[in-house]
Amino acid sequence: RRFVVAGDDDQAIYRWAGADPLHMGCLRGTRRILGQSYRVPASIQSLAGGLIRRTTGGVIKAWSPRPVAGCLDRVGKIEQIDLTSKDILILARNFSYLSEVQSMLRHRGVPYSYRGTPAISWEIISVVNDWEKLRKGDSLDVDRVRKILSYMGSSVDAKHRKLHLVRGELGLGELTKIHGVRTTSIWHEALDKLPHQEKMFMLAARRNGESLNREPRVRLSTIHGSKGGQAEHVILLSDMAPRTKREQFKHPDDETRVWYVGVTRAKERLTIVDPSSSNFFNL
């Protein structure tokens, strides 16, 4: 008896995939506009409102921000930003601008996820944790032991190849006496087949007091990939690829909606990073 269509034409950013941002405004029936945001604070809503007023043809709507001021700031370079917040989302218009961000985060020892995948694999973290458990006197299932030994080169001799005949749990004492393990050193010395870059990244993160056993508190994404997401602190890179800039001249409303989505991911703080090239979106 009732058919409900819910959405926001201001956030319709997939025209290139067939979505029509003007379709909802043409639907017949009773329209109800939800007038209260439970995410966006006042300072960020002000910027978002200015952005969406640049577009034409959409449904005009008013909505109230969350009743807090929030924080909106701008910096010249991302290196100037304090990255100690517990929930950070770094957004770029194009994937290419996130590669330099990854290098910076690795250098600073800040764990992150990229396109939903942690920069340090859970397998490597599990292997490191398991080796340290062995050093503390714990015993582990032989399958987990074999995984550890697969990251050992000169630290283990050929005797470990017979582990496929073993069942049950093993401790470090048995491994050193019977199964060819030649070391009891800390993980970054014993696991000498770990990729060097990963090892240096993990050591830098540990020096910073970062936990590697939790989901990374810093996430990297394109604006399109962040649709539906949010974070306490959103860092928005204002650069765009030359081809994207060319598309903006053809479809300015479409591009404005994309940046509107990026701005409105922030729950507390939005930091806009100034462009490093002549191709950027004017925020």
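Heads up: the structure comes first, above all this text.
A. Geometry of the overall build of the protein. When you go through the protein residue by residue, the secondary structure sums to nine helices and 11 strands. Taken over the C-alpha trace, the protein has a radius of gyration of 25 Å; the compact-globule value for 283 residues is 19 Å, which it surpasses by more than 25%. With the C-alpha coordinates aligned to their principal axes, the bounding extent of the protein is approximately 75 × 55 × 35 Å. Evaluated residue by residue, the protein yields a buried proportion of 46% over its 283 residues. When contacts within the protein are restricted to residue pairs at least 6 apart in sequence, long-range pairs at least 24 apart make up 80% of them.

B. A look at the pairing of strand 11 (residues 266-273). One ladder, built from five bridges, connects strand 3 (residues 71-75) with strand 11; its direction is parallel. Paired with Leu72 across the strands is Leu270, a residue of strand 11. Here strand 10 (residues 231-237) pairs with strand 11 via six bridges, running parallel. Its bridge partner lying in strand 11, Ile235 is registered against Thr271.

C. The arrangement of the sheet that holds strand 6 (residues 117-118) in detail. Pairing is mixed in the open sheet, where seven strands are placed in the order 3-11-10-4-9-5-6. Looking along the sheet, the strands with just one partner apiece sit at the ends: strand 3 and strand 6. Here helix 1 (residues 42-52) sits on the sheet in contact with strand 3 and strand 11, set at roughly 55° to strand 11.

D. Looking closely at the side chain of Asp9. With respect to the helices, strands and loops of the structure, Asp9 is situated in the segment before strand 1 (36-41). With relative accessibility at 8%, the residue Asp9 sits in the buried group. There is a polar contact of 2.8 Å between the side chain of Asp9 and the backbone nitrogen of Val59. When sequence neighbours within four positions are dropped, the list of residues in contact with Asp9 reads Pro21, Gly58, Val59, Lys61 and Arg257.

E. Layout of unusual backbone geometry. In this model, Arg115 sits at a positive phi of 55°, which is unusual for a non-glycine residue. In this structure, Arg115 sits in the loop between strand 5 (112-114) and strand 6.

F. Fine view of the nonpolar core. Residues Ile78, Ile90, Leu105, Trp131, Ile148, Met152 and Leu191 are the most contacted members of the largest nonpolar core, which totals 49 residues. Tallying contributions element by element places helix 3 (residues 122-135) first for this core, with six residues. The residues contacting Ile148, other than those within four sequence positions of it, are Val127, Asp130, Trp131, Leu134, Leu140 and Leu191. Residues Ala48, Leu51, Ile52 and Leu89 belong to the second largest nonpolar core, which totals 24 residues.

G. Structural detail: the packing of helix 1 against helix 9 (residues 252-263). Where helix 1 contacts helix 9, the axes come no closer than 9 Å and their chain directions differ by 170°. By the angle between their directions, the pair helix 1 and helix 9 is classed as roughly antiparallel. From helix 1, Ile44, Leu47, Ala48, Leu51 and Ile52 reach across to helix 9, where they touch Thr256, Arg257, Trp259, Tyr260 and Val263.

H. Quick peek at the side chain of His179. You can see His179 is positioned in the loop between helix 5 (172-177) and helix 6 (187-190). Once residues lying within four places of it in the same chain are set aside, the contact partners of His179 are Val156, Lys159, His160, Leu163, Val166, Leu170 and Glu174.

I. Up close: the pairing of strand 4 (residues 88-92). In terms of residue burial, strand 4 counts as a mostly covered element, since five of its five residues are buried. Both faces of strand 4 are covered, namely the face carrying Ile88, Ile90 and Ala92 and the face carrying Leu89 and Leu91. Judged from the five bridges that link them, strand 4 and strand 9 (residues 218-222) form a sheet pairing that is parallel. Residue Leu91 lies in a different strand from strand 9, and its bridge partner there is Ser221. The pairing of strand 4 with strand 10 spans four bridges and is classified as parallel. Bridging from a neighbouring strand, Leu89 pairs with Val234 of strand 10.

J. A look at the packing of aromatic side chains. Evaluation of the coordinates by the stated rule reveals four aromatic pairs. With centroids separated by 6.2 Å and ring planes inclined at 80°, the aromatic side chains of Phe95 and Tyr114 adopt a geometry described as edge-to-face. Of this pair, Phe95 sits in the loop between strand 4 and helix 2 (98-108) while Tyr114 sits in strand 5; the two residues are 19 residues apart in sequence, bridging distant segments of the chain. A residue is classified by how much of its surface remains accessible, and Phe95, at 35% relative accessible area, is partly exposed. Between Tyr112 and Phe201 the ring centres are 6.0 Å apart and the planes differ by 40°, which places this aromatic pair in the tilted class. With Tyr112 in strand 5 and Phe201 in helix 7 (residues 196-207), this residue pair connects regions lying 89 residues apart in the sequence.

Procedures and definitions
Residues numbered from 1 in each chain as written. Predicted model: local features only at pLDDT ≥ 70, side-chain atom pairs only at ≥ 80, totals over all residues. Heavy atoms only, no water. Helix = DSSP H or I, 4+ residues; strand = E, 2+ residues; numbered from the N terminus. Rg over C-alpha atoms; globule rule 2.2 N^0.38 Å. Buried < 20%, exposed > 50% of the residue type's maximum accessible area, 1.4 Å probe, protein only. Contact = heavy atoms within 4.5 Å. Pairing = 2+ DSSP bridges. Axes fitted to C-alpha atoms, helices over the stretch in contact; angles between N-to-C directions. Polar contact = N/O pair within 3.5 Å; in protein donor to acceptor, adjacent residues only side chain to side chain. Core = buried A, V, L, I, M, F, W, Y, C linked by side-chain atoms within 4.5 Å. Parallel < 35°, antiparallel > 145°, perpendicular 65-115°, else oblique. Phe/Tyr/Trp six-rings, centres within 6.5 Å; stacked < 30°, edge-to-face > 60°.

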